Structure formats: structure tokens, C-alpha cells
Amino acid sequence: MVEIYTDGACSGNPGPGGWGVLLRIGDAETELCGGEPATTNNRMELLAVIEALQSLTEPTTARVYTDSQYVQKGISEWIHGWKQRGWKTAGKEPVKNEDLWRRLDALASGHQLEWHWVRGHNGHTENERADALARSGLEQARRGKRPVATPE
């Protein structure tokens, strides 16, 4: 079982943003982070999960932990209706971040995933690590650097 902890951060909303991922497979851990110079918090939350799933090299069973109810509810509940309505909300408005939701939907379909929401900034060790990585990605975005991965 793979454990995936993700977080996004944004300075201003919109503004520079970062995403962070902690991947754990048994005792092995990998940290990923990156950012964009002009984005939103929700885009960074989505991109964190996308980057995590893109890093998996084969179909996997995983638990995904996020402090974003937007991501957790979006992928578990809302996306089915969006797709049935042609990527429109119940109010007939276009789904925000449709490009990222489509990418996440395609990536998620290749894996068996459990989606878990955790309260952010509440002492959850792995969530705090993902948050620190997201803030590091935000700083990289401010300096114009590319995403990085660091296996431990």
C-alpha cells in the first residue's frame, strides 16, 4: 500500500504558489515539490495530487491524504456529476480548473485509490511535511526554479 500526502500553498490567491508531496512505500519515502509563479491555492492542491500520481510507474493501490476538501470531495463526489453534465456544475457554470480535474481523473483511473481528508495545520505529521514541501515549492516559483524530487 502506497501512502500519498499532498498539499498546496499560495501567496495571494492568485499569486505565486507551490505544491508538495510525501510518498511513502513501506519504509521508503520520496518528497516532491514545485510551483508556479501565478496560480491559485486550489490549482496547487490539485497539482500536488496530479504530480504524485504521475510519479507512480505502475498501477498502484494507494491512500491519498489531503487537507483540501475541494480535492477530496471533488474527486470522490462532484466529478461524476460534472462529467455527466459535460463539465458543468449543478448551476450550469463551467467547472473551475477543468483542465486539472480532467488530468486528475485520467491519472486516478489507472490506480485503486482511497481518498482521505485530514485537518490542515493541526499537528498531523505527514500533512505538516507536505505543507512544508508546498511552501518550498512556492519559494522555488518565486525564484523561477523547476520542480524537484528527493528520495530519502
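See the structure shown above.
Residues numbered from 1 in each chain as written. Predicted model: local features only at pLDDT ≥ 70, side-chain atom pairs only at ≥ 80, totals over all residues. Heavy atoms only, no water.

Colleague: Just to check I follow, could you spell out the pairing of strand E3 (residues 28–39) for this structure?
Modeller: The pairing of strand E2 (residues 15–25) with E3 spans 10 bridges and is antiparallel. Paired with Gly17 across the strands is Glu36, a residue of E3. A loop of two residues connects E2 with E3, the two strands running antiparallel in sequence, and Gly26 in this loop sits at a positive phi of about 65°. (Pairing = 2+ DSSP bridges. Helix = DSSP H or I, 4+ residues; strand = E, 2+ residues; numbered from the N terminus.)

Colleague: Help me understand helix H2 (residues 69–84) in this model?
Modeller: Note that an α-helix has 3.6 residues per turn; residues three or four places apart therefore point the same way. Given a rise of 1.5 Å per residue, 16 residues ought to cover 22 Å, and the 21 Å separating the end C-alpha atoms of H2 matches this to within 8%. Of all the bends in H2, the greatest, near 60°, is centred on Trp78. Tucked inside the fold, the buried residues of H2 contact helix H1 (41–54), strand E4 (61–66), helix H3 (98–108) and strand E5 (112–117). Count one or two residues on from H2 and you reach Gly86, which has phi positive near 70°. (Expected span 1.5 Å × (residues − 1). Bend = angle between axes of the 7 residues up to and from the residue. Contact = heavy atoms within 4.5 Å.)

Colleague: Explain the nonpolar core to me, please; I cannot follow it from the model alone.
Modeller: Where a protein is soluble and globular, its nonpolar side chains tend to be buried together. One finds Ile4, Val21, Leu53, Trp101, Leu104 and Trp115 to be the most contacted residues of the largest nonpolar core, which totals 30 residues. For this core, the elements supplying multiple residues, two or more each, are strand E1 (2–10), E2, H1, E4, H2, H3 and E5. Per element, the largest residue contribution to this core is eight residues, and it comes from H1. In contact with Trp101, not counting residues within four places along its chain, are Leu46, Tyr70, Val71, Gly74, Ile75, Ile79, Trp82, Trp87, Val95 and Lys96. In terms of nonpolar packing, the next biggest core, distinct from the first, is built from five residues, Tyr5, Tyr65, Val118 and Ala130 among them. (Core = buried A, V, L, I, M, F, W, Y, C linked by side-chain atoms within 4.5 Å. Buried < 20%, exposed > 50% of the residue type's maximum accessible area, 1.4 Å probe, protein only.)

Interpretation in functional terms is not warranted from these geometric data alone.
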